[in-house]
Amino acid sequence: METNPNKIDMLHGGLFWKLVLFALPLAASSILQHFFNSADVAVVGRFAGGDALAAVGANVANVGVFVNFLVGASIGPNVVVATLIGSGRMDEVSDAIHTVIAMAITGGLLLMGIGLVIARPLIEAIGTPVEVLDMAVLYFRIYMLGLPFITLYNFGAAILRSIGDTKRPLMYMIFAGILNVILNLLFVVVFRMSVAGVALATTLANFTSAALVFRTLLHEEGPLRLRIDCIRLHPRYMKRVLQVGLPAGVQESVFSVSNIFVQAGVNSFGAQAIAGAAAGLNFEYFTYDICAAFAQAAVTFYSQNLGAGEHGRCRRVFRLTMLQSILFTQLLALPFTIWAREFAGLYTTDPVAIDYAVSRMYHVMAVEGLCTLFDTPSGVLRSMGYAISPSVITILGTVVFRIIWLLTAFRVVPTYEVLMSVYPVSWVLTGGTLIAMYYRALRKQRRLA
């Protein structure tokens, strides 16, 4: 593993460019992963009509609950393996990674079963218009068939990230993304499969990215090498992965759960609002992926340096990732904001739907850098051993606060603009609390040192 050209030395040398080189390929991988659903939205919007677009759009938040849970849960394997490497416990790494893969397989199958069972009740519960209900359920169920592959990709990529390798997962996601677009066009334009076609294309693309990561681990050198006959659950590492990953997964999925409540508000404005909001939400995912990537960089670098006892370097990691996250997120958001109408037009030609998309982009995506205020502190707190409290604060600041907003501010002024304003307000509220919690934990750590 020492000669691996994809490895980043997180314990020595300058941090700024190492963090950037770690985070940007990871951000690109996440953007491409969200691009699968975006490509679905774009293709059905252009070639299958407004009802098909609304059916896929109504599932953006639903799909996000599962995908974001898995992305967040992958922090668990990342922290566990990176901490073992940083503390020099290389003899334990092999058992840890085999546990991670076993958890990915069993967890992915379990989540797939849950998704298939709750599909119709969930989509009905958010008030999806009856004219698109059956198509929305069909799309969601086919998408759920790909969850085991999404799980395997994210957990396998987390193992590679623990040594600083974000390049190979990016290459695999680029390949899968290209395949997804080709299959979307083939299934929808040529075979006229509508929402079933884009869902099937996404499932096949997710299978491809998972297979490539799995193959890489089979051929990896040293303790990161995966052996099929050794894949089993080791209770010690499973417990640690769950302690870190489960709260992180819940936290990430909470954002999508809160989006489901907001989606119910969007649905009250009709099918054109649903289509427009779905188009705008896709650009939010792209910009948020920058925040999430630097948060992952903070987690990985912080975990390795904490394992090595480099506390001063840990503090520099936190400060740099906060700065970099805000800067790069707003840089990406800028062109989307300036040319909001043109970008929204990539997903739909309906002028009313475009108006809704532009409004969402101005109110939410344009200030996406505020997500840094809660994302990076919560990740670092988990590296420090605080697994539960960041999730509790996030649930209170997003789900609970947003429900209160819907029942108060939105009920008093039931406009689309007031509905969208709940996002930046909740980010500032949640982020301020988590930053205060981080510095309190830091002072406690110094007293114990």
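Residues numbered from 1 in each chain as written. Predicted model: local features only at pLDDT ≥ 70, side-chain atom pairs only at ≥ 80, totals over all residues. Heavy atoms only, no water.

**Student:** Before we go on, may I ask you to explain the overall build of the chain in this structure?
**Tutor:** Along the backbone of the chain there are 19 helices and zero strands. For 449 residues, the compact-globule estimate of 2.2 N^0.38 gives 22 Å, and the C-alpha radius of gyration of the chain, at 21 Å, lies within 12% of that figure. Looking at the chain as a whole, 60% of its 449 residues qualify as buried. In the chain, once contacts between residues fewer than 6 apart in sequence are set aside, the share between residues at least 24 apart is 84%. With the model as given, the accessible surface of the chain reaches about 16,700 Å², and the carbon-plus-sulfur share is 69%. Treating the 31 positive side-chain charges of the chain as one cloud and the 24 negative ones as another, the clouds have centres 10 Å apart. (Helix = DSSP H or I, 4+ residues; strand = E, 2+ residues; numbered from the N terminus. Rg over C-alpha atoms; globule rule 2.2 N^0.38 Å. Buried < 20%, exposed > 50% of the residue type's maximum accessible area, 1.4 Å probe, protein only. Contact = heavy atoms within 4.5 Å. Areas by Shrake-Rupley, 256 points an atom, 1.4 Å probe, with all protein chains shown as cover. Lys, Arg positive; Asp, Glu negative; His and termini not counted. Charge placed at Lys NZ, Arg CZ, Asp CG, Glu CD.)

**Student:** Explain the packing of helix H12 (residues 311-338) against helix H15 (residues 372-383) to me, please; I cannot follow it from the model alone.
**Tutor:** Working note: a packed helix pair is described by the angle between its axes plus the distance between those axes. Packing of H12 against H15 brings their axes to within 10 Å, and their N-to-C directions diverge by 150°. The orientation of H12 with respect to H15, classified from their angle, is roughly antiparallel. Crossing geometry of H12 relative to H15 is assigned as right-handed. Contacts between H12 and H15 involve Phe318, Thr321, Met322, Ser325 and Ile326 from the first element and Thr372, Leu373, Thr376, Pro377 and Val380 from the second. (Axes fitted to C-alpha atoms, helices over the stretch in contact; angles between N-to-C directions. Parallel < 35°, antiparallel > 145°, perpendicular 65-115°, else oblique. Left-handed = near helix turned anticlockwise from the far one by under 90°.)

**Student:** How do you make sense of the nonpolar core when you look at a structure like this?
**Tutor:** A general feature of soluble globular proteins is that nonpolar side chains tend to end up buried together. Judged by nonpolar contacts, the single largest core of 140 residues is most densely connected at Val266 and Tyr302. Considering each element in turn, this core owes the most residues, 20 residues, to helix H11 (residues 271-307). Those residues in contact with Val266 that sit more than four places away from it in its chain are Ala273, Ile274, Ala277, Tyr416, Leu419 and Met420. Core analysis: the second largest hydrophobic core is formed by five residues, Ile75, Val244, Ala248 and Val299 among them. (Core = buried A, V, L, I, M, F, W, Y, C linked by side-chain atoms within 4.5 Å.)

**Student:** Quick question: what am I supposed to make of the environment of Glu131 here?
**Tutor:** Here Glu131 is to be found in helix H6 (residues 130-144). Since its relative accessible area comes to 47%, Glu131 is described here as partly exposed.

**Student:** What should I look at first to understand the pattern of salt bridges in this one?
**Tutor:** Pairing is possible between side chains that carry opposite charge, provided their charged atoms lie close to one another. For the structure shown, the criterion picks out eight salt bridges. Residue Glu92 is joined to Arg236 by a salt bridge in which the shortest nitrogen-to-oxygen separation is 3.3 Å. Separated by 144 residues along the polypeptide, Glu92 in the loop between helix H4 (75-86) and helix H5 (93-125) and Arg236 in helix H10 (residues 235-267) bring together distant segments of the chain. Judged by relative accessible area, Glu92 falls into the buried class, the value being 12%. Of the charged contacts, one joins Glu124 and Arg120 as a salt bridge, the two residues approaching to 3.8 Å between their closest N and O atoms. Of this pair, Glu124 and Arg120 both sit in helix H5, four residues apart, which is roughly one turn of that helix. Overall, the relative accessible area of 43% leaves Glu124 in the partly exposed class. One network of salt bridges, in which partners are shared, links Arg89, Glu92 and Arg236. (Salt bridge = Lys/Arg side-chain N within 4 Å of Asp/Glu carboxyl O.)

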